Amino acid sequence: SRPSPRAMSQHWLATGRASPRLVLVVVFVALLLDNILLTVVVPIVPTFLYTTEYEGANSSAGPALPEPTPAAPRAPPFSSVLSYFNNATVPVWGFTSAVELPNGTGSSPPGHPPSAPPAPPRGCLEGGEFLAQENTRVGLLFASKALVQLLVNPWVGLLTNRIGYHIPMFLGFTIMFLSTVMFAFSGTYTLLFIARALQGVGSSFSSVAGLGLLASVYPDDSERGSAMGIALGGLALGVLIGAPFGSIMYEFVGKASPFLVLAFLALLDGALQLCILQPSRISPESTKATPVSTLLRDPYILVAAGALCFSNMGVAMLEPTLPIWMLQTMCSPQWQLGMAFLPASISYLIGTNLFGILANRMGRWLCSMIGMAVVGISLLCVPLATNIYGLIGPNAGLGFAIGMVDSSMMPIMGYLVDLRHTSAYGTVYAIADVAFCMGFAIGPSTGGAVVRALGFPWLMVIVGVLNVAYAPLCWLLRSPPATEERMAILSQECPMQAKSYTPKEALRELPLTEQSDGEAENAG
């Protein structure tokens, strides 16, 4: 007799749960959606805040200029966030001021009646002072995600050791879905800030649990390496399509549209997780890792973490400041703000996959040293651009170079604990992820303030020089010494290497492994 449809579906679910490939699909989709949401807001937030707050304030304040006193009740709902709009000296379309845009565009002769302000030439935005203040606020908004992730990551690591990966993974999906919906319907800076911080919590659960889950279902090192490469390809792909997708949807459909599309895709991912994973199952891990305090005292690990932090800080500073600088100097339409990041994302995707293999042959230390130098030079070239086409070269170089650093430093982190500590990777990849998040927390939050004080070109010079100056430190990772007791342990373990983790060879096969090897330890 033929099996019933219910029995067939149960059989399909059982085989699905046993299939590492379907687990890989779940993790790939989770990382993809998380990173689309990460970058989709980059082109949307600056123009959305400008439209709602600056233009909103001007439209309400314009007719009230002859009688300044009644202006306060007519202030827009956003005035609680930006109280400097509530006084009689509200900047209006057509005003001239010492703080106008650097290239002088957008100013008009004084004395124009507020009722008929002239259109800014070539679509340039006015309000230089507002844009300068917005740099800081947008930077803090973007940094909040990394900052929250920084705080939550260690706790998620402990949680996965206690209850396994399935429940944290599903928690990550739930939080990310809430964050996406909140982004779609947020109308104020405060709500956008909360949504971004909430995304940091979801992202921490998804990335740590997802990569740990992969490491546990792929015990073979070569398979694990290629699986991690595919999953982190989802991360790079999310970064790649997020900004262009956001800017085009915002320009032609509306602010809520990209977030609603993402929310729908997140629901599909949640359904997939319910089918393939078992979010109710508790499966604790029992692996003893080296204490974080011990690893933080290792100078070689600190050099590797510093390289990750500073190289990623470059692109993290560009995210909030480049769109605003483009609005000020290039008068770019909204769709171009996201497209400017496309060359960086494509070259990052190429760089991570290419140097995952190449770095092993040329030496990971050399690869990361060259990468950091190229990051610095690319950043120095960004302010030389006069239009979006001038940004293609510097941004492509930046993405490619960060790909070189990431794909070299992640395996080095695992190699260092193999060589100098116990072969348990959770804590060292927690440090790697913290370094990564620090770049994305410090970068945007300080970047906006530096732009306001010194200007965008000087910000690029400071970060560029910092990367070039740090590059020679990568030479220290050329041949790090092993500790004596570790050498003794390794020599005893040699016969076991066939079925356990092969420290030197296997790690070098992993392309881009942010946290990946770290969670490999949990699989052990």
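Heads up: these notes are all about the structure in this document. (Residues numbered from 1 in each chain as written. Predicted model: local features only at pLDDT ≥ 70, side-chain atom pairs only at ≥ 80, totals over all residues. Heavy atoms only, no water.)

## Looking at the packing of aromatic side chains
Quick note on the threshold: Each Phe, Tyr or Trp ring, with Trp reduced to its six-membered ring, pairs with another whose centre is within 6.5 Å; inter-plane angles below 30 degrees give stacked pairs, above 60 give edge-to-face pairs, and intermediate values give tilted ones. The numbering of helices and of strands both runs from the N terminus, where a helix is a DSSP run of H or I of at least 4 residues and a strand a run of E of at least 2. Three exposure classes are used, based on accessible area relative to the maximum for each residue type with a 1.4 Å probe and protein chains only: buried under 20%, partly exposed in between, and exposed over 50%. Both a distance and an angle decide whether a charge sits over a ring: NZ of Lys or CZ of Arg must be within 6 Å of the ring centre and within 35 degrees of the ring normal.
Scanning the model with the defined rule gives 7 aromatic pairs in all. With a centroid separation of 5.3 Å and 50 degrees between ring planes, the pair formed by F170 and F173 is classed as tilted. Note that F170 and F173 are positioned in helix α4 (residues 166-185) at a spacing of 3 residues, about one turn of the helix. Ring centres 5.2 Å apart and planes at 10 degrees place the aromatic pair F183 and F259 in the stacked group. Separated by 76 residues along the polypeptide, F183 in helix α4 and F259 in helix α7 (residues 256-276) bring together distant segments of the chain. The exposure classification of F183 matches that of F259, with both residues buried. Taken together, the ring pairs in this structure connect F170, F173 and F177 into an aromatic cluster. Here R137 stacks its cationic end above the ring of Y189, 4.3 Å away from the centre of that ring. The lysine or arginine in question, K255, covers the ring of F48, its NZ or CZ lying 4.8 Å from the ring centre.

## As for the side chain of D298
The condition that has to hold: Any pair of nitrogen or oxygen atoms within 3.5 Å is treated as a polar contact; in protein, a donor-acceptor pairing is required on top of that, and neighbouring residues in sequence qualify only through side-chain atoms on both sides. Pairs of residues are marked as contacts when any of their non-hydrogen atoms sit within 4.5 Å.
Mapped onto the secondary structure, D298 falls in the loop between α8 (292-296) and α9 (299-329). The buried category is assigned to D298, whose relative accessible area is 2%. A polar contact of 2.8 Å, which involves the side chain of D298, links it to the side chain of R420. With residues up to four places along the chain from it excluded, the contact list for D298 reads R420 and H421.

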